[in-house]
Amino acid sequence: MMAANSVLSMLKKVATKKVKIKAGEIEVKELTVNQVESFMQVAQELNNKESFENSKKTLSIVAQAGVVGLEETTEKDFDDMSLSNLKEIAEAVLKFNGLSVENTSEEDDNNPNV
């Protein structure tokens, strides 16, 4: 029988996955429950889903938490990034974690057949 500590240690391992985005390739990782709760609190403060999806602050929090190599960045580091790239990165993180937002890409907005 496994000791509780070894089971907890095993369950805390974080899976990663390489994802291609239009700007290149990134490595997304699983989020902890605490990370998800923290950016969901920010989303609740913004009042509605549309604001959440388009908020640079919220998108940068998701990117920081869920992309390997962005852990030490600040919100200010994202100021020179295009909003569409930031949104694409955040959506990749959310999708990998089973928290995918509805598909709201500009291509779909312009395509009435979707």
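Notes on the structure follow. Computed from a prediction, not measured in an experiment: that's the story for all the values here. (Residues numbered from 1 in each chain as written. Predicted model: local features only at pLDDT ≥ 70, side-chain atom pairs only at ≥ 80, totals over all residues. Heavy atoms only, no water.)

Here's the deal with the side chain of Lys29
Note the threshold: By the criteria applied, helices consist of DSSP H or I runs no shorter than four residues and strands consist of E runs no shorter than two, each listed in order from the N terminus. Here a polar contact is taken to be a pair of N or O atoms separated by no more than 3.5 Å, where protein atoms must pair a possible hydrogen donor with a possible acceptor and residues adjacent in sequence count only if both atoms sit in side chains. Every residue pair with non-hydrogen atoms within 4.5 Å of one another is taken to be in contact.
With respect to the helices and strands, Lys29 occurs in strand β2 (residues 24-29). One polar contact links Lys29 to Glu71, side chain to side chain, over a distance of 2.8 Å. Ignoring anything within four residues of it in the chain, the contact list for Lys29 reads Val14, Ala15, Thr16, Ala65, Gly66, Val67, Val68, Glu71, Phe96 and Asn97.

Quick look at the side chain of Thr73
Within the element layout of this structure, Thr73 appears in the loop between α4 (56-66) and α5 (83-96). A polar side-chain atom of Thr73 sits 2.7 Å from the main-chain carbonyl oxygen of Leu70. Dropping the residues within four chain positions of it, Thr73 is found in contact with Gln64 and Phe78.

Remarks on the pairing of strand β1 (residues 16-21)
Here is the rule: Here, any two strands with at least 2 DSSP bridges between them count as paired.
Here six bridges tie β1 to β2, and the two strands are oriented antiparallel to one another. What sits directly across from Lys17, in β2, is Val28. Here β1 folds back onto β2 in antiparallel fashion, the turn holding two residues.

A word on the pattern of salt bridges
Inclusion rule: The working definition used for a salt bridge is a side-chain nitrogen of Lys or Arg within 4 Å of a carboxyl oxygen of Asp or Glu.
This model, assessed by the stated rule, comprises two salt bridges. Two residues, Lys29 and Glu71, come together in a salt bridge whose shortest N-O distance is 2.8 Å. Linking Lys29 in strand β2 with Glu71 in the loop between α4 and α5, this pair joins segments that are 42 residues apart in sequence. For Asp79, the salt bridge goes to Lys56, with nearest N and O atoms at 2.6 Å. Linking Asp79 in the loop between α4 and α5 with Lys56 in helix α4, this pair joins segments that are 23 residues apart in sequence.

Some remarks on α5
Basically, it comes down to this: Helix span is expected to be 1.5 Å times the residue number reduced by one. Here the term buried applies to any residue with accessible area under 20% of the maximum for its type, exposed to any over 50%, and partly exposed to those in between, with areas from a 1.4 Å probe on protein chains only.
In this model, α5 (14 residues) spans 20 Å end to end at C-alpha, consistent with the 20 Å of a helix rising 1.5 Å per residue. For α5, the full list of buried residues reads Asn85, Leu86, Lys87, Ile89, Ala90, Ala92, Val93 and Leu94.

Here we look at the nonpolar core
To keep things clear, this is the line we draw: To define a nonpolar core, start from buried Ala, Val, Leu, Ile, Met, Phe, Trp, Tyr and Cys residues and group those joined through side-chain atoms within 4.5 Å.
Membership of the largest hydrophobic core comes to 20 residues, with the highest contact counts inside it found for Ile26, Val28 and Val67. Of all elements in the fold, only β1, β2, α2 (33-45), α4 and α5 reach the threshold of two or more residues within this core. Considering every element that reaches this core, the biggest residue donor is α5, with six residues. Every residue in contact with Ile26, bar those within four places of it in the chain, is listed here: Lys17, Lys18, Val19, Ile21, Val67 and Ile89.

What about the packing of α4 against α5?
The description of two helices packed together rests on the angle between their axes and the distance between the axes. The criterion, for reference: Note on geometry: axes are C-alpha line fits, over the in-contact stretch for helices, and angles between N-to-C directions span 0 to 180 degrees. In these notes the angle categories are as follows: under 35 degrees is roughly parallel, over 145 is roughly antiparallel, 65 to 115 is roughly perpendicular, and the rest is oblique. Here is the rule for handedness: rotate from the far helix to the near one, and if that takes an anticlockwise turn smaller than a right angle the crossing is left-handed, while a clockwise turn gives right-handed. Charged means Asp, Glu, Lys or Arg here, nonpolar means Ala, Val, Leu, Ile, Met, Phe, Trp, Tyr, Cys or Pro, and polar covers whatever is left, Gly included.
Packing of α4 against α5 brings their axes to within 9 Å, and their N-to-C directions diverge by 50°. As the angle between them shows, α4 and α5 are arranged oblique. Every pair of crossing elements has a handedness; the one defined by α4 and α5 is left-handed. Contacts from Lys56, Leu59, Ser60, Val62, Ala63 and Gly66 of α4 reach α5 at Leu83, Leu86, Lys87, Ile89, Ala90, Val93 and Leu94. When grouped by side-chain class, the residues that make up the contact of α4 with α5 number nine nonpolar, two polar and two charged.

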